[in-house]
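# Close look at the chain arrangement
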Amino acid sequence: MKGQNAWDDRGKPCRQRAPGALADTFAAIDLGTNNCRLLVARPTRDGFRVVDAFSRIVRLGEGLSRSGTLSEAAMDRTLDALKICAEKIARRDVSFSRCVATEACRRAGNHEAFIDKVRVETGIRLEIISCDEEARLAVQGCKPLFDRNRRYALLFDIGGGSTEISWVDVTGGGDGTGRHAPKILTWHSLPFGVVNLAERYCDGAVNRSDHNAMAAEVAEALVAFEARDEIAHRVREGEVQMVGTSGTVTTLAGVHKELPRYQRALIDGAYMDFNCLESAIDRIAEMNVSERAAHPCIGPERADLMLAGCAILQGICRTWPVGRLRVADRGLREGILLGLMDEAQTRRGSRKSRRRSGDGERASAQSKVPS
């Protein structure tokens, strides 16, 4: 592809310009079971500024729970989306990137062939990350939303093929740079996501009885996690906050606010009481698939998946009745970007230190030359 950056073995574009010639640009791709998302950003003093973005529902994991492999149709849809991502990365002259794949690629028997095909056709080198790395990146991305007045946080990310739940000490300590960094005390990956759970219950044509059964199944799967860490005790003591990052949560917030169209600025960081969550879920449950497809904050691509996502959310909220949820329209991609920016800053610091050291050695050598 003309003008496209070349990727190295770590999946990061090789630099196409002299270091420091312009401000570095960073990119993150998150390829999940349901979505393909790209974020391109440049660092600022207090974080970063997004300069480009892309998101498309590709349903890479469609049928995976039955076949154990990625279907040709799903791979073709995903490749089309990744080609757009590659074009945007090239156009923005990206210096560093990280492109990750999660549950669908972790589980698929033909993931290696798919990864190779992506590399050949787009130049993107996908990195399949573990569940714990996925949880770590989500925590890093959501860090600005944590309330330090409550020591603990339950952070969950409802995906297409799994749901990652992290139990976090918000006041965990430093990150080696003198800055505050939340500490993950433990994490748990539920084998339930909106795609595979909906497929198990009538391919998404879920009625109220099915919906209740899904929520009960999720709650049952959380029993061991709760027993091990006794999070409910901390909840009763009022020490716990809850943060949710997923299309399910952000869509519910849009439905609750009755937005004429989805607006991230009105959703990211918003709080929702549990009774408001239940009311929004009830409204969605009363709609048929066509009505959900027509809703401006749901749309046709999420219409048959929303109730599965709502059931997962209800299972979590019933296990840990914190009472209020903070909505995060951010997560893994933001965590990737912040990590890349920290790495770049560390490398620049090392180069400066070596240059200073070299100047000092030369000066010392010169001072020893006989007059």
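First things first, this report covers the structure right here in the doc. (Residues numbered from 1 in each chain as written. Predicted model: local features only at pLDDT ≥ 70, side-chain atom pairs only at ≥ 80, totals over all residues. Heavy atoms only, no water.)

Another aspect to go through is the packing of aromatic side chains. Counted by the stated rule, this structure contains 3 aromatic pairs. Measuring from ring centre to ring centre gives 5.6 Å for Phe-26 and Phe-96, while their planes differ by 25°; the resulting arrangement is stacked. In this pair, Phe-26 is assigned in strand β1 (residues 26–31) and Phe-96 in strand β4 (residues 96–101), connecting sequence segments 70 residues apart. Across this residue pair, the class does not change: Phe-26 and Phe-96 are buried. Measuring from centroid to centroid gives 5.7 Å for Phe-225 and Trp-320, while their planes differ by 85°, and the two rings are edge-to-face. Of the two residues, Phe-225 is situated in helix α8 (residues 223–229) and Trp-320 in the loop between α14 (306–319) and β11 (324–328); the sequence distance between them amounts to 95 residues. (Phe/Tyr/Trp six-rings, centres within 6.5 Å; stacked < 30°, edge-to-face > 60°. Helix = DSSP H or I, 4+ residues; strand = E, 2+ residues; numbered from the N terminus. Buried < 20%, exposed > 50% of the residue type's maximum accessible area, 1.4 Å probe, protein only.)

The next thing to look at is the nonpolar core. Phe-156, Ile-165, Met-242, Leu-252, Leu-313 and Trp-320 are the most contacted members of the largest nonpolar core, which has 52 residues in total. Examining the composition of this core, we find that 9 residues originate from one element, α14, more than from any other. Once residues lying within four places of it in the same chain are set aside, the contact partners of Leu-252 are Met-272, Leu-277, Ala-280, Ile-281, Ile-284, Met-306, Cys-310 and Leu-313. Among the nonpolar cores identified, the runner-up in size contains 30 residues, and Ala-27, Ala-81, Cys-85 and Ile-115 belong to it. (Core = buried A, V, L, I, M, F, W, Y, C linked by side-chain atoms within 4.5 Å. Contact = heavy atoms within 4.5 Å.)

As for its position among the elements, Gly-109 is in the loop between α3 (103–107) and α4 (111–122). Relative accessible area serves as the criterion here: at 63%, Gly-109 is assigned to the exposed category. Separated by 45 residues in sequence, Gly-109 and Leu-64 have C-alpha atoms that sit 9.4 Å apart. Leaving out residues up to four positions away in the same chain, Gly-109 has contacts with Gly-68 and Thr-69.

Where charged atoms from two side chains of opposite charge approach closely, those side chains can pair. Considering all chains together, one arrives at 19 salt bridges under this definition. Measuring nitrogen to oxygen at the nearest pair gives 2.8 Å for the salt bridge that ties Glu-103 to Arg-106. Of this pair, Glu-103 and Arg-106 both sit in helix α3, 3 residues apart, which is roughly one turn of the helix. For Glu-103, a relative accessible area of 11% translates into the label buried. (Salt bridge = Lys/Arg side-chain N within 4 Å of Asp/Glu carboxyl O.)

Everything listed here is a matter of geometry and, on its own, says nothing about what the molecule does.
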